[in-house]
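Coordinate analysis (summary)
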Number of protein chains: 2
Amino acid sequence: MSEVYAARRARLRERCAAGGSEAALVSGDANVRYLSGGAPAGAVLLVGPDRDLLVCTADPYADATGRSRPGEDVQVEVLTAPDGDPAVAAAERAGAAGARSLAVEEHHLTVSRHRALRSVAPGLRLGDLGPAVEQQRVVKDDEEISCLRIAAEIADQALGELLESILVGRTERHLALELERRLVDHGAGGPAFPTSVGAGPNSGLAGHVPTDRRVEEGDFLSVCLGADYRGYRSEIGRTFVIGTSPADWQIELYDQVFAAQRAGREALAPGTAYRDVDRAARVVLEAAGLAEHTGPRMGHGVGLENDEDPRLAPSAMGKLDACVPVTVDPGVHLPGRGGVRIDDTLVVRPEADGGPELLTITTKELLAL
Amino acid sequence: MSEVYAARRARLRERCAAGGSEAALVSGDANVRYLSGGAPAGAVLLVGPDRDLLVCTADPYADATGRSRPGEDVQVEVLTAPDGDPAVAAAERAGAAGARSLAVEEHHLTVSRHRALRSVAPGLRLGDLGPAVEQQRVVKDDEEISCLRIAAEIADQALGELLESILVGRTERHLALELERRLVDHGAGGPAFPTSVGAGPNSGLAGHVPTDRRVEEGDFLSVCLGADYRGYRSEIGRTFVIGTSPADWQIELYDQVFAAQRAGREALAPGTAYRDVDRAARVVLEAAGLAEHTGPRMGHGVGLENDEDPRLAPSAMGKLDACVPVTVDPGVHLPGRGGVRIDDTLVVRPEADGGPELLTITTKELLAL
């Protein structure tokens, strides 16, 4: 397993050298985990020309979950100074090792920490690594995709069980907590992100924070959850109607969002521009006169973070590759009335391999519960 | 209520003027909430000489919890650009309003965002606001303390109920989830931080991530949880023995940590140096030969963040004031065997008012469950 991480670091090392930096200081949590195999929160990874050093304040081997354990070929230094900044310590080591240039993640380091780095290693020329590691993370290997597949399966199971229970009269907050408990029951390390449950007027809102609003007859109920399996995070969103028969406006709105989401899914292919996936779903909503009731983007990448590159948005630059897992998650919210969100996690595959692989298989027909 | 926030902003405005800046850009989430009364995640607050402007990407009034609603006297601008950076937009507004200098939070802003600020408002001299708002937040008013009192009561209730249930055979993970569910049952907005449950060899570890380890007879079981009530976060930690009679080493270790925690609590008084509170608890553990098995600090402030100023650590500078809520949370972990953590939330009060006010009242005698 550990050679996977070594290979990832080797790629970064080449990238660094090409950029004229002798070493890289990786401080984004997910980036550090991606390159080291595991690290405690707040750890930083120094990818040097010769050796790779993980600097942390907590002992990676004290964590019984094993999540924080780096590969054997990474040196580990645990800072004894209680308030020590691993990034500052790593810069010192790089300077001491004779490095003259160090590429740092300016989009993760604060101005204060960056200044502290300068002061401890004045001889070191600090450059910007930029989102190099984030870009490396976009295309997933089979191991990563199988973790996402399991994470999606867990979320499907948790959601499926919820649908069998009585929903009327329960609060958004309790439904969210029950879903998170079920995720763990089915083997998730935890929720991939805070579970969102929105009933009635709160339905269809992206990232809605569950309230004490109780589920009532005739409500739209939208649910968005995901599982964290070995650090990889799935996402699924569904909207249901509570009661026997949906109202006409509910059926109409659901069909419109469903059509948009299907169009987005069908647009997923290697070589398709990110913005064209957004466009494919967005035009359907625009045609239905719902443009101003939808969100700024129609999907996003998933992996070690719930929300990572690529962004499927009008302004996004770049094209999809095979083996890129993304969500397609259009939503519409009508103020005061509620709305609909339909959200799947899929993996981009070439047509020859059957097209996009759907990881979240819970039905998308409008269920009346 | 809203005049409370106006008064807080007035104080910051004075502080700013004294520092030679015409305006301040507040970007730390808790700082923004403290000054505005409520804001969506990622919002920034521009505290100008004339007006105060909250810039966000999400509509603060769409959040049904009401948490994200700022006071009426704060202007609100919701960015329409999906990828707009509120900090950059706010800097533009400040520049457009004729401000020549802007103090930013360099410990919150990344190097990349700081650069973006420069480029949109080149005429603006950017200074460092430093932890000015964090410092303002240290001493709490009665309203804040009553929120913490309720948050502590909720955590006591959740913990009390857990103690009445059967624990043997259940996993750390499930106990943690049940505690979080009970927090919400009793009115918490959510957990104040990820609930930590450690059994057997995992007991006594600070911030232990719950695993599938099941609780067994003879285990130490340590639990650390807190409630978020209106954004204010309590913290309580207790350690129990599973089974009828604790082993001698368990009784001895518990007594040592309890003595340390009591010494820390008794050291809490206006005018006491932060480091002396750490010292008071630490010497007890050192005398017991446990120095290398304890953590880097013996407590920390609580409020809008679970872990905020002051830090009660050997290197901490500063003295306690009245009305500062802190935790006193010494812990000892013996690798392979487990350990003990005892953690309370208290408010510093003068002797004349009866000394430190204990908010978390669950018993600290060693219970065998």
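Residues numbered from 1 in each chain as written. Chains lettered and ligands numbered in written order. Predicted model: local features only at pLDDT ≥ 70, side-chain atom pairs only at ≥ 80, totals over all residues. Heavy atoms only, no water.

As annotated in an unreviewed UniProt entry, chain A carries the name M24 family metallopeptidase and comes from Streptomyces morookaense.

With that out of the way, let us pick up the side chain of Asn31(A). Residue and element names in this part refer to chain A. Secondary-structure assignment places Asn 31 in helix H2 (residues 29–36). In this structure the side chain of Asn 31 is engaged in a polar contact, spanning 2.6 Å, whose partner is the side chain of Arg 137. Look past the residues within four positions of Asn 31 in its chain and what remains in contact with it is Val 26, Glu 105, His 108, Val 133, Glu 134 and Arg 137. (Helix = DSSP H or I, 4+ residues; strand = E, 2+ residues; numbered from the N terminus. Polar contact = N/O pair within 3.5 Å; in protein donor to acceptor, adjacent residues only side chain to side chain. Contact = heavy atoms within 4.5 Å.)

The next point concerns the nonpolar core. Residue and element names in this part refer to chain A. Within the largest apolar cluster, 53 residues are counted, with the highest numbers of intra-cluster contacts made by Leu 12, Leu 129, Leu 221 and Leu 225. A per-element tally of this core places helix H6 (residues 142–164) first, with eleven residues. Two domains share this core, each providing at least three of its residues, namely domain 1 (1–137) and domain 2 (139–358). When neighbours within four sequence positions are excluded, Leu 221 is seen to be in contact with Leu 167, Leu 175, Val 197, Gly 198, Ala 199, Ser 203, Val 215, Arg 238, Thr 239, Phe 240 and Ile 242. (Core = buried A, V, L, I, M, F, W, Y, C linked by side-chain atoms within 4.5 Å. Buried < 20%, exposed > 50% of the residue type's maximum accessible area, 1.4 Å probe, protein only. Domains from an automatic or database assignment.)

The subject of this paragraph is the sheet that holds strand S2 (residues 44–47) of chain B. By way of backbone hydrogen bonds, the strands of a sheet pair with one another, either parallel or antiparallel. Residue and element names in this part refer to chain B. Read across the sheet, six strands follow the order S4-S3-S2-S1-S5-S6 without closing on themselves; strand pairing throughout is mixed. With one partner strand each, in any of the chains shown, strand S4 (75–78) and strand S6 (125–128) form the two edges of the open sheet. Direction aside, the axes of adjacent strands within the sheet are offset by 25 degrees on average. As judged from the four bridges shared by S2 and strand S3 (residues 52–56), these two strands associate in the antiparallel manner. Note that in S3 the partner of Val 47 across the bridge is Asp 52. Contacts from helix H4 (residues 111–120) reach strand S1 (23–26), S2, strand S5 (101–104) and S6, with the element oriented near 150 degrees to S6. (Pairing = 2+ DSSP bridges. Axes fitted to C-alpha atoms, helices over the stretch in contact; angles between N-to-C directions.)

This brings us to the relation of the copies chain B and chain A. Both copies of the chain are placed relative to one another by a rotation about an axis and a shift along it. In the superposition of chain B on chain A (RMSD 0.0 Å, axial shift 0.0 Å), the rotation amounts to 180 degrees. Expressed as an axis order, the relation between the two copies is that of a two-fold axis. Nearest to the rotation axis, the C-alpha of Thr110(B) is located 1.9 Å from it, this being the minimum over chain B. Both copies present the same face, since 100% of the interface residues in chain B are matched by interface residues at the equivalent positions in chain A. (Least-squares fit on C-alpha atoms with pLDDT ≥ 70 in both.)

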